[in-house]
Amino acid sequence: SSGINAEYGQEVRRKEIQQLCTHLNVLLVDKMNSRVEGAYINQKKLQSHTRQLQHHSANLQKQSEQWIKLLDNFNEALKEIGDVSNWAKSLESEMTKISHTLAYAYKGEVENSQSNTSILE
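On a predicted model such as this, the values are computed, not experimentally measured, just so you know.

Participant: Would you mind going over the overall build of the chain in detail, with residue names and values included?
Facilitator: A count of helical and extended segments in the chain gives one helix and zero strands. Here the chain has a C-alpha radius of gyration of 52 Å; the compact-globule value for 121 residues is 14 Å, and the former is much larger. Across its three principal directions, the C-alpha atoms of the chain cover 175 × 15 × 10 Å. For the chain, the proportion of its 121 residues judged to be buried stands at 1%. Total accessible area computed for the chain in this model is approximately 11,500 Å², and 59% of it derives from carbon and sulfur atoms. If you average the places of the 14 positive and of the 15 negative side-chain charges in the chain, the two averages end up 20 Å apart.

Participant: Tell me about the environment of K79, residues and numbers included.
Facilitator: Within the secondary structure layout, K79 lies in helix α1 (residues 2–120). Look at K79 and you get exposed, because its relative accessible area is 51%. Put simply, K79 and T22 are 57 residues apart on the chain and 84 Å apart in space, counted from C-alpha to C-alpha.

Participant: Mind laying out the pattern of salt bridges, listing which residues take part and the relevant values?
Facilitator: A full pass over the atoms with the stated rule returns two salt bridges. Measuring nitrogen to oxygen at the nearest pair gives 2.5 Å for the salt bridge that ties E11 to R14. Pair noted here: E11 and R14 are both in helix α1, with a separation of three residues, about one helical turn. For R14, a relative accessible area of 45% puts it in the partly exposed group. A salt bridge links E94 to K97; the nearest nitrogen and oxygen atoms lie 3.9 Å apart. With E94 and K97 both in helix α1 and three residues apart, this pair spans about one turn of that helix. On the basis of relative accessibility, which here comes to 39%, the residue E94 falls in the partly exposed class.

Participant: Describe a negative patch on the surface, naming the residues involved and giving the relevant values.
Facilitator: Taken together, the side chains of D72, E76, E80 and D83 make up a negatively charged region of the molecular surface. Inspection of the secondary structure puts D72 in helix α1. Given a relative accessible area of 48%, D72 falls into the partly exposed group.

Participant: Residue-level account of a nonpolar patch on the surface, with values.
Facilitator: A cluster of nonpolar residues, V84, W87, L91, M95, I98 and L102, forms a patch on the protein surface that exposes about 640 Å² of accessible area. Within the element layout of this structure, L102 appears in helix α1.

Calculation criteria
- Sequence order as written defines residue numbering, which begins from 1 separately in each chain.
- Confidence filtering applies because this is a predicted model: local features only for residues at pLDDT of at least 70, side-chain atom pairs given and counted only at 80 or more, and all residues used for totals across whole chains, interfaces and linings.
- Each side-chain value is derived from all of the structure's non-hydrogen atoms; neither hydrogens nor water enter the calculation.
- Think of it this way: any DSSP run of H or I at least four residues long counts as a helix, any run of E at least two long counts as a strand, and we number them from the N terminus.
- Here the globule rule is a power law, 2.2 Å times the number of residues to the power 0.38, and the radius of gyration is based on C-alpha atoms.
- Each residue gets one of three labels from its accessible area relative to the maximum for its type: buried under 20%, exposed over 50%, partly exposed in between, using a 1.4 Å probe on protein chains only.
- Working definition of accessibility: Shrake-Rupley area with a 1.4 Å probe, residue cover restricted to the visible protein chains.
- Positive charges come from Lys and Arg alone, negative charges from Asp and Glu alone, with His and the N- and C-terminal ends not counted.
- Just so you know, the charge point we use is NZ for Lys, CZ for Arg, CG for Asp and CD for Glu.
- Any Lys or Arg side-chain nitrogen found within 4 Å of a carboxyl oxygen on Asp or Glu counts as a salt bridge.
- For patch detection, residues must exceed 30% relative accessible area and be free of salt bridges, and they are connected within 9 Å for like charges or within 5 Å for nonpolar side chains (Val, Leu, Ile, Met, Phe, Trp, Tyr).

Below you can see the structure in the form of structure tokens.
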């Protein structure tokens with residue numbers, strides 16, 4: 001009878017240990033699944049942030065290209081203004097020379113006219 005009780009006790013302990021091992025296994029699998037789920041969620045967040053970063057980078061690149069084009073156009077306009085300014089200065093110089101020449105010619109003509117008038121008198 002004590003042998004049967006000992007066998008029965010061992011069988012109960014074996015079932016208890018088996019239940020504890022099953023419970024421990026379930027806990028370990030749950031913990032592992034939780035970590036895998038967390039890693040998966042983090043991966044999805046990273047992918048989303050990566051797509052946003054790529055989108056923002058593309059927009060920044062487009063905006064930078066537009067700014068560069070605007071600056072190039074502005075520089076070209078400044079160059080043209082400089083060219084017009086040089087042209088205006090050159091034109092002003094030529095007009096001054098013509099004005100002086102005409103004034104000199106008119107003065108000479110007036111002096112000739114006066115000297116001819118004084119000879120006739």
